[in-house]
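So the chains spell out like this:
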Amino acid sequence: METKKLWEQIISKLKNENLIDADIIEEYITTSELINVSSKEYVILVRSNLGVTILNELKDVFIYEFKTVLGEFVSVEFSTKTIFNKNKPMNIKVQAVSEKELPTNALTFSNFIVGASNKQANLAAKSVVSNPGSTFNPLFIYGESGLGKTHLLQAIKNEAWLNNKKVLYLTSEDFTKTVVNALNKGDFNEIETLKNEMNLNDFFILDDVQFLSKKDKTNEFFFNIINNFTENGKQLVFSSDKTPELLNGFDKRMITRFNSGLTTPITALDVPTAKLIIEWEIKKQGLKQKIKEEAVIYLAQNFSDDVRKIKGLVNRLSFFGIQNDESYVIELDDVIDLFKDTPSANLGLLNVKKIKEIVAKKYDVTIKAIDGKARTTDIKNARHLSMYFAKIILNHTSTQIGAEFGGRDHSTVLSAISRIEKLIYKEKEFKKIVESLKNEITG
Ligand SMILES: Nc1ncnc2c1ncn2[C@@H]1O[C@H](COP(=O)(O)OP(=O)(O)OP(=O)(O)O)[C@@H](O)[C@H]1O
């Protein structure tokens, strides 16, 4: 079968079968390319090292999909274009990669992990790089601290630079300092030169606009720049910790300008995305020990309100690793103990926690038992019911629920939910229990 067709079929099967999270499919799979190295060897060229790491975790799914389409087992490997180009056999042609290079630690789209919470902002950011100055102008990204606004702004800056665009990236504090400095000197020529220099850019990216000086003259200077960029179809990008309407002290005309393109949020991380970030960070920091999946899920469920915090947690985990033998396996209990004094995140996923708490109380079992492996009738009922509620009340996907309940796969979740549905249909008493629990959870 032609490689392109094969790849389209695999992607379409993955999309239909729900075996892999839709965000991962969109971000890392549909953007990849399939290369047929020999009759039984395939390489999937992924855009980033991060993508390679993530897809490697899902290799079994790919092997299964290739087997169902081709009718035989084949080898499937993942690589980036750069690495593959270095090692590829001479007769395989692969598109050349950009010659400009960013520092290895640069914040880019390829090391930004995408999930439900930041998907929209990520797409918008990519779109302004490929289509600067058009519909999404200005692009205004807002959200709580530590969720990746600066990362996305830097990614825009870096990608635009790779595309040979002139980019001015400033924090609002630096912008204010520079402008105030020029204004204080009172030299008209110097102010005009500064304005002209800024206006020469193709992108004007301003981070944390909530810190911008609200003084009349700085504001006027800023307004002037915004107008110049808008009128000349050049791209403006802003970030802030709140929506334009909630920014205090700005002129109404400024708020209108902020809102005249696309305003998009980055919200608190969902569990699967937090889990990916933790796993990526663990890999980056080179933790020698294996860590149990349920321990990673516990971290993702409890501490995912801020990516900076996640990095801090992994630092502590690495320190714990150094103190132990390399063969040691880090268990859920180690992680619970290690972070017992760290305040848990207060975010939406607490609803899953709340569901588990309420159901666990009803069946007189512990949350640990719900997430664990034991299968007594009460524990099983409590586990399956909690999954059922996560589905019908929170509308979580089966893959997400699997991750939230001790790292189970999505088919286990689906059969648990279907068992509960059957019980509700068959047993009136059970139906009453479910209704009363549902009221308690949603009440
Ligand atoms: N989705 C993500 N994938 C990978 N790294 C991320 C992601 N989100 C955030 N980070 C990392 O977390 C750290 C904090 O993110 P960042 O500085 O972009 O947050 P912010 O929203 O701008 O916060 P603040 O408002 O406090 O400036 C950075 O090191 C960033 O690279």
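Residues numbered from 1 in each chain as written. Predicted model: local features only at pLDDT ≥ 70, side-chain atom pairs only at ≥ 80, totals over all residues. Heavy atoms only, no water.

1. What about the overall build of the chain?
Alright, step 1. When you go through the chain residue by residue, the secondary structure sums to 21 helices and 10 strands.
Alright, step 2. With the principal axes as the frame, the chain shows a C-alpha extent of 80 × 60 × 50 Å.
Alright, step 3. Across the 443 residues in the chain, those meeting the buried criterion constitute 48%.
Alright, step 4. Restricting to contacts in the chain with at least 6 residues of sequence separation, those with at least 24 account for 72%.
Alright, step 5. Just so you have it, the chain exposes about 22,500 Å², and 50% of that area is on carbon and sulfur atoms.
Alright, step 6. Between the centroid of the 60 positive side chains of the chain and the centroid of its 58 negative side chains there is a distance of 3 Å. (Helix = DSSP H or I, 4+ residues; strand = E, 2+ residues; numbered from the N terminus. Buried < 20%, exposed > 50% of the residue type's maximum accessible area, 1.4 Å probe, protein only. Contact = heavy atoms within 4.5 Å. Areas by Shrake-Rupley, 256 points an atom, 1.4 Å probe, with all protein chains shown as cover. Lys, Arg positive; Asp, Glu negative; His and termini not counted. Charge placed at Lys NZ, Arg CZ, Asp CG, Glu CD.)

2. Observations regarding the site of the ligand
Alright, step 1. Taken together, 18 residues sit near the ligand, with Ile113, Ser145, Gly146, Thr150 and His151 positioned nearest.
Alright, step 2. In the model, an oxygen atom of the ligand is placed 2.6 Å from a nitrogen or oxygen of the Ser145 side chain.
Alright, step 3. One of the backbone N or O atoms of Leu147 is found 3.2 Å from an oxygen atom in the ligand.
Alright, step 4. Surface burial for the ligand is 87%, taken as the share of its 630 Å² of free accessible area covered by protein chains.
Alright, step 5. Of all the secondary-structure elements, those providing two or more residues to the shell around the ligand are helix H7 (149–162) and helix H14 (307–322).
Alright, step 6. Its residues assigned to classes, the shell around the ligand comprises 6 nonpolar, 7 polar and 5 charged.
Alright, step 7. Residues lining the shell around the ligand come from more than one domain, with at least three contributed by each of domain 2 (119–266) and domain 3 (271–338). (Near = heavy atom within 4 Å. Polar contact = N/O pair within 3.5 Å; in protein donor to acceptor, adjacent residues only side chain to side chain. Nonpolar A, V, L, I, M, F, W, Y, C, P; charged D, E, K, R; others polar. Domains from an automatic or database assignment.)

3. Some points on the sheet that holds strand E6 (residues 203–207)
Alright, step 1. Ordered by their spatial adjacency, 5 strands build an open sheet running E5-E6-E7-E4-E8, and the pairing between neighbours is parallel. Here the strands that pair on one side only, and so sit at the sheet edges, are strand E5 (167–171) and strand E8 (262–266). Ignoring strand direction, the axes of neighbouring strands in this sheet form an average angle of 15 degrees.
Alright, step 2. Examined bridge by bridge, strand E4 (residues 139–143) and E8 share 5 bridges and lie parallel to one another. Within the sheet, the bridge partner assigned to Gly143 lies in E8 and is Ile266.
Alright, step 3. Docked against the sheet, helix H6 (residues 119–130) engages E4, E6, strand E7 (235–240) and E8, running at close to 140 degrees with respect to E8.
Alright, step 4. Here H7 sits on the sheet and contacts E4, E5, E6, E7 and E8; the angle it forms with E6, its principal contact strand, is near 160 degrees. (Pairing = 2+ DSSP bridges. Axes fitted to C-alpha atoms, helices over the stretch in contact; angles between N-to-C directions.)

4. With respect to the pattern of salt bridges
Alright, step 1. Within this structure, the stated rule accounts for 21 salt bridges.
Alright, step 2. Salt-bridge contacts for Lys13 lead to Glu17; the nearest nitrogen and oxygen are separated by 2.9 Å. One end of the pair is Lys13 and the other is Glu17, both in helix H1 (residues 3–17) and 4 residues apart, which spans about a single turn.
Alright, step 3. Of the residues examined, Glu17 reaches a relative accessible area of 27% and is grouped as partly exposed.
Alright, step 4. The closest approach of N and O atoms between Glu192 and Lys195, which form a salt bridge, is 3.3 Å. One end of the pair is Glu192 and the other is Lys195, both in helix H9 (residues 188–199) and 3 residues apart, which spans about a single turn.
Alright, step 5. We classify Lys195 as buried; its relative accessible area is 14%.
Alright, step 6. Salt bridges here are not isolated pairs; linked through shared partners, they connect Lys13, Glu17 and Glu65. (Salt bridge = Lys/Arg side-chain N within 4 Å of Asp/Glu carboxyl O.)

5. Brief notes about the side chain of Glu65
Alright, step 1. Within the element layout of this structure, Glu65 appears in helix H4 (residues 59–70).
Alright, step 2. Within polar-contact distance, the side chain of Glu65 engages the side chain of Lys13 at 2.7 Å.
Alright, step 3. Dropping the residues within four chain positions of it, Glu65 is found in contact with Ile10, Lys13, Leu14, Glu17 and Leu19.

6. Notes on the sheet that holds strand E2 (residues 41–46)
Alright, step 1. Spatial ordering of the open sheet is given by E1-E2-E3, a layout of 3 strands whose pairing is mixed. The open sheet has two free edges, formed respectively by strand E1 (33–38) and strand E3 (75–80), since each of these has just one partner strand. Direction aside, neighbouring strands of the sheet carry axes that sit 30 degrees apart on average.
Alright, step 2. Of the strand pairs in this sheet, E2 and E3 are connected by 6 bridges, and their pairing is parallel. Note that in E3 the partner of Ile44 across the bridge is Phe78.
Alright, step 3. Sitting on the sheet, H1 touches E1 and E2, and the angle it makes with E1 is about 125 degrees.
Alright, step 4. Helix H3 (residues 49–56) rests against E2 and E3 of the sheet, and its axis sits at about 155 degrees to E3.

7. Comments concerning the domain arrangement of the chain
Alright, step 1. Here the domain parsing of the chain yields domain 1 (3–87), domain 2 (119–266), domain 3 (271–338) and domain 4 (350–442).
Alright, step 2. A straight line from the C-alpha centre of domain 1 to that of domain 3 covers 27 Å.

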